[in-house]
Amino acid sequence: SVWEAGTRGGIMGLSRLDLEDWRRETRTFQHLAAYQSGGADLTGAGEPTRVTTATVTPDFFDVFGTPAARGRLIQGAAGEGVVISHGLWQRLYGGRPDAVGSPVTIDGSSYPIIGILPSTFDFPHGTEVWTPLDLTRDGTSRSAHNYHVVGDLLPGVTIRVAQTDMAGVAARLEAEYPTSNRGVGASITDLQASLTGDIRPTLMLFSAMVALVLLIASANVAGLLLVRATARTREMAVRSALGAGTGRLVAQVLTEAVLLSVLGAALGLVLATWATAALSATPALAALPATPRVIDGTVLTFTVLLALVTALVFGIVPALRGARVNLAETLKQAGGRTTTAIGLRGTLVGAEVALATVLLLGAGLTARSLWRLQGETLGFDPHQVTVADVTFPSADTGAAKVTAAERLVEAVRAAPGISATGLAFGLPFTRYSNGGFLIEGRTDETIARPNAAWRAASSGLFQTLGIPVRGGRDFTPGDRGQPPVAIVNQSAARAFWPGGTPIGARIALPGYDDATYAAYRGGGNEWFTIVGVVADTRDIALGTPPGPTIYLSLDQRPEDRSLALAVRSGLAPAALRHSLTQILTAFDPDEPVRLRSMDDLIAATAASPRLRALLIGLFAL
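Just so it is clear, the model here is predicted, and its values are computed rather than measured.

Analysis parameters
- Residues numbered from 1 in each chain as written.
- Predicted model: local features only at pLDDT ≥ 70, side-chain atom pairs only at ≥ 80, totals over all residues.
- Heavy atoms only, no water.
- Helix = DSSP H or I, 4+ residues; strand = E, 2+ residues; numbered from the N terminus.
- Buried < 20%, exposed > 50% of the residue type's maximum accessible area, 1.4 Å probe, protein only.
- Contact = heavy atoms within 4.5 Å.
- Patch = residues over 30% accessible without salt bridge, like charges linked within 9 Å, V, L, I, M, F, W, Y side chains within 5 Å.
- Areas by Shrake-Rupley, 256 points an atom, 1.4 Å probe, with all protein chains shown as cover.
- Salt bridge = Lys/Arg side-chain N within 4 Å of Asp/Glu carboxyl O.
- Arc of directions from axis to C-beta.
- Axes fitted to C-alpha atoms, helices over the stretch in contact; angles between N-to-C directions.
- Parallel < 35°, antiparallel > 145°, perpendicular 65-115°, else oblique.
- Pairing = 2+ DSSP bridges.
- Phe/Tyr/Trp six-rings, centres within 6.5 Å; stacked < 30°, edge-to-face > 60°.
- Lys NZ or Arg CZ within 6 Å of the ring centre and 35° of its normal.

Visitor: Mind laying out the overall build of the protein, listing which residues take part and the relevant values?
Guide: Check the secondary structure of the protein and you find 21 helices and 23 strands. For the protein, the residues scored as buried account for 43% of the 621 residues in total. In the protein, 77% of the contacts between residues at least 6 apart in sequence involve partners at least 24 apart.

Visitor: Provide a residue-level description of unusual backbone geometry, including the pertinent values.
Guide: In this structure, proline 124 follows phenylalanine 123 across a cis peptide bond, with omega equal to -15°. Note that proline 124 resides in the loop between β8 (109-116) and β9 (129-132).

Visitor: Hey, could you go over a nonpolar patch on the surface for me, with residue numbers and the actual values?
Guide: A contiguous nonpolar patch, built from Val262, Val304, Leu305 and Leu308 and spanning about 340 Å² of accessible area, is present on the exposed surface. With three residues, the top contributor of residues to the nonpolar patch is helix α11 (residues 297-323). Within the secondary structure layout, valine 304 lies in helix α11.

Visitor: A description of helix α20 (residues 598-605) should follow, citing residues and the corresponding values.
Guide: Within α20 the residues assigned to the buried category are Met598, Leu601 and Ile602. Across the axial projection of α20, the buried residues extend over an arc of 95°, all falling on one side. Lining the buried residues of α20 we find β12 (385-391), α16 (461-465) and β23 (595-597).

Visitor: Residue-level account of the pattern of salt bridges, with values.
Guide: Per the stated rule, a full pass over the model turns up 20 salt bridges. We note a salt bridge from aspartate 41 to arginine 50, for which the minimum N-O separation is 2.9 Å. Residue class for aspartate 41 comes out buried when judged on its relative accessible area of 7%. Exposure remark for arginine 50: the relative accessible area of 24% places this residue in the partly exposed category. Measuring nitrogen to oxygen at the nearest pair gives 2.5 Å for the salt bridge that ties aspartate 389 to arginine 594. Highlighted residues: aspartate 389 in strand β12 and arginine 594 in the loop between α19 (573-587) and β23, separated in sequence by 205 residues. What emerges from the salt-bridge pattern is a single network uniting Asp18, Asp21, Arg24 and Arg142.

Visitor: Which residues make up the packing of α20 against helix α21 (residues 607-620), and what are the values?
Guide: In the contact formed by α20 and α21, the axes pass within 4 Å of each other and the chain directions differ by 60°. What the angle tells us is that α20 and α21 run oblique. Contact with α20, carried on its side by Ala603, Ala604 and Thr605, involves Ala607, Pro609 and Arg610 of α21 and no other residues of that element.

Visitor: Please give an account of the pairing of strand β16 (residues 451-457) that cites residues and values.
Guide: The two faces of a sheet get side chains in turn, since along a regular strand they alternate between them. Taken across its seven residues, β16 has six buried, putting it largely inside the fold. Bridge count for strand β13 (residues 418-425) against β16 is two bridges, and the pairing is antiparallel. Residue phenylalanine 425 lies in a different strand from β16, and its bridge partner there is alanine 456. Strand direction decides the pairing type here: strand β14 (residues 433-436) and β16, joined by four bridges, are antiparallel. If you follow asparagine 434 over to β16, its bridge partner there is alanine 453. Bridge count between β16 and strand β21 (residues 549-553): five bridges; the pairing is parallel. Within the sheet, the bridge partner assigned to alanine 456 lies in β21 and is leucine 552.

Visitor: Help me get a handle on the side chain of aspartate 479, residues and values and all.
Guide: Considering the arrangement of structural elements, one finds aspartate 479 in the loop between β17 (469-472) and β18 (485-489). Among all residues touching aspartate 479, those that are not within four sequence positions of it are Arg473, Val485 and Gln556.

Visitor: How would you explain the pairing of β12 if you had to name every residue and give the values?
Guide: Among the seven residues of β12, seven are classified as buried, and the element is accordingly described as predominantly covered. Residues of β12 alternate between two faces, with Val385, Val387, Asp389 and Thr391 on one and Thr386, Ala388 and Val390 on the opposite face, all of them buried. Note that β12 and strand β22 (residues 562-569) share seven bridges and pair antiparallel. What sits directly across from threonine 386, in β22, is valine 567.

Visitor: Tell me about the environment of phenylalanine 496, and name the residues and values.
Guide: Structurally, the position occupied by phenylalanine 496 is in helix α17 (residues 490-496). Each C-alpha atom, one on phenylalanine 496 and one on asparagine 451, is 9.8 Å from the other, the two residues being 45 residues apart in sequence. Discounting residues that sit within four places of it in the chain, phenylalanine 496 has contacts with Phe437, Ile439, Arg442, Pro450, Asn451 and Pro548.

Visitor: Residues and numbers for the packing of aromatic side chains, please.
Guide: Each aromatic ring pair is characterised by the separation of its centres together with the angle its planes make. Enumeration according to the criterion identifies 15 aromatic pairs in this entry. Between tyrosine 35 and phenylalanine 60 the ring centres are 5.8 Å apart and the planes differ by 65°, which places this aromatic pair in the edge-to-face class. Placement of the pair is tyrosine 35 in strand β3 (residues 29-43) and phenylalanine 60 in helix α2 (residues 60-64), with a sequence separation of 25 residues. In this structure phenylalanine 60 comes out as buried when scored by relative accessible area, which is 0%. Considering the side-chain rings of phenylalanine 64 and phenylalanine 123, the 5.2 Å spacing of their centres and the 50° angle between planes classify their relative orientation as tilted. Of the two residues, phenylalanine 64 sits in helix α2 while phenylalanine 123 sits in the loop between β8 and β9, which places them 59 residues apart along the sequence. Owing to a relative accessible area of 27%, phenylalanine 64 belongs among the partly exposed residues under this scheme. Residue classification places phenylalanine 123 among the buried positions, given a relative accessible area of 8%. Taken together, the ring pairs connect Tyr35, Phe60, Phe61, Phe64, Phe121, Phe123 and Trp130 into an aromatic cluster. We note arginine 142 situated over the ring of tyrosine 177; from NZ or CZ to the ring centre the distance is 3.8 Å.

Visitor: Pulling in residues and values, what's your account of the environment of alanine 452?
Guide: Structurally, alanine 452 can be placed in strand β16. Taking the C-alpha atoms as reference, alanine 452 lies 6.5 Å from glycine 436; in sequence the two are 16 residues apart. Among all residues touching alanine 452, those that are not within four sequence positions of it are Ser433, Asn434, Gly435, Phe437, Pro548, Thr549 and Ile550.

Put into structure tokens, the structure is as follows:
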């Protein structure tokens, strides 16, 4: 996984120009492939559906050494066709071979399906359609870090060597292009590590919990076998008297322990098969980059080896205890327990209680962390808010799109039971853009190019979400056709206007859209006047503090074809769904209707902590 890195920390994608230089000068990579992830409406294959897409350069699949399962892969011609996932092929075409060559419409443009990928390929995770990425059409500067990049190393090259190589390239670019590349380095990371970095601590915690449960079970079985060994003391004495040596007696008891362990492991595999299927359907596991869905040979081998080791762990002490008998004393006795056996059993029970206490404490701490996470202040009111994805036709640009958006919002507001509605690019807990911006009149280099998240909102959105306006005013329909305005959150106000007010100040966002970028390239800037300050909101995930955010007016300039429609309503979910489906279908019959509650969007960000608390609780139980 290849990134550019800032001197202040953090990583970012590559610009087209930097990528071209990296490709030309690298001595450690065979390929450096670029891709962008997104979403699109797919029609022409049954009901309209929303699919996850990736636009990729022709060498993308070469990086992974992935052949097509059917047809061929992207070779580079713009508009040559699309490649679809095995899952989408099965879902839409029932696995028919004639799917290759069939036309499919992506966001209003028709393409042939040129290939189908193997079922094992899943990168970027969840992608269903891959389309060609033509870098020659990108006219942006080196400041536009638009592309994610993956590469495959030359044979014998290590990550460390590649890091040194690309850091040298980045240093040369910094010296040659100080305006755009100042403080921009390179970051080379093993792709597997980058995909699992967030979940690795959780997986290690799960492994520790499993080990504790296994140790508790082993101690329990060892205690039971000690009881059994004590009860069989006379039997062992008789066997010894008949000529069985210590090794033979130990082998007999260990054989019984192995049989017990193997039977337990077999039952465990049956349970694991069922549990894996059940857990793979949960949102938290489904979102992982590589969800285990089958019990394969590696798991079977590991389980068999673990069963044998476990048998030794809980069987060796009882085996040795049973094999050490005093023939004369034992044969005279009618039975009974020894002090040594009772002491060993007491030690095992004490160990069980100690390990169980560790599990219980871990479950309690995890549950408390989840409770605190879910009780965080969001900065807005998500209850009774429903979100619909809206994609405007590609022909709707500028004023036409503003008019279409206004028509849609008015239709929703007129529906019975709707109390407020608004459009947005970048709702809380969804996607957003970010980047540097300029503050008019600032010359101090430390704050001349501050960074913030960029979001766009129509009039009525803050009211719909319940985001309080702390100063100045909200966006209004009257802003349409007027000089551009902006609103900032309290974090931005504190960070960039400490001790003062941002209202009335002017800012420029050179990379926000084509108009702002064209003004910047022409030697000037398009300035936005700040007219309000709103409360901070949790934007990315629970547990992540709010950062500086700038809102621009969608009533003045639509930012993107794909927007989110937020609706506040007290209607029952079924009635609201029916009403919104009718309105959205009438607005665009080819647009698939996808409705989600804001509560569900927030809950999805806590899916992993919730799953962690659930599993640790089950282990503790």
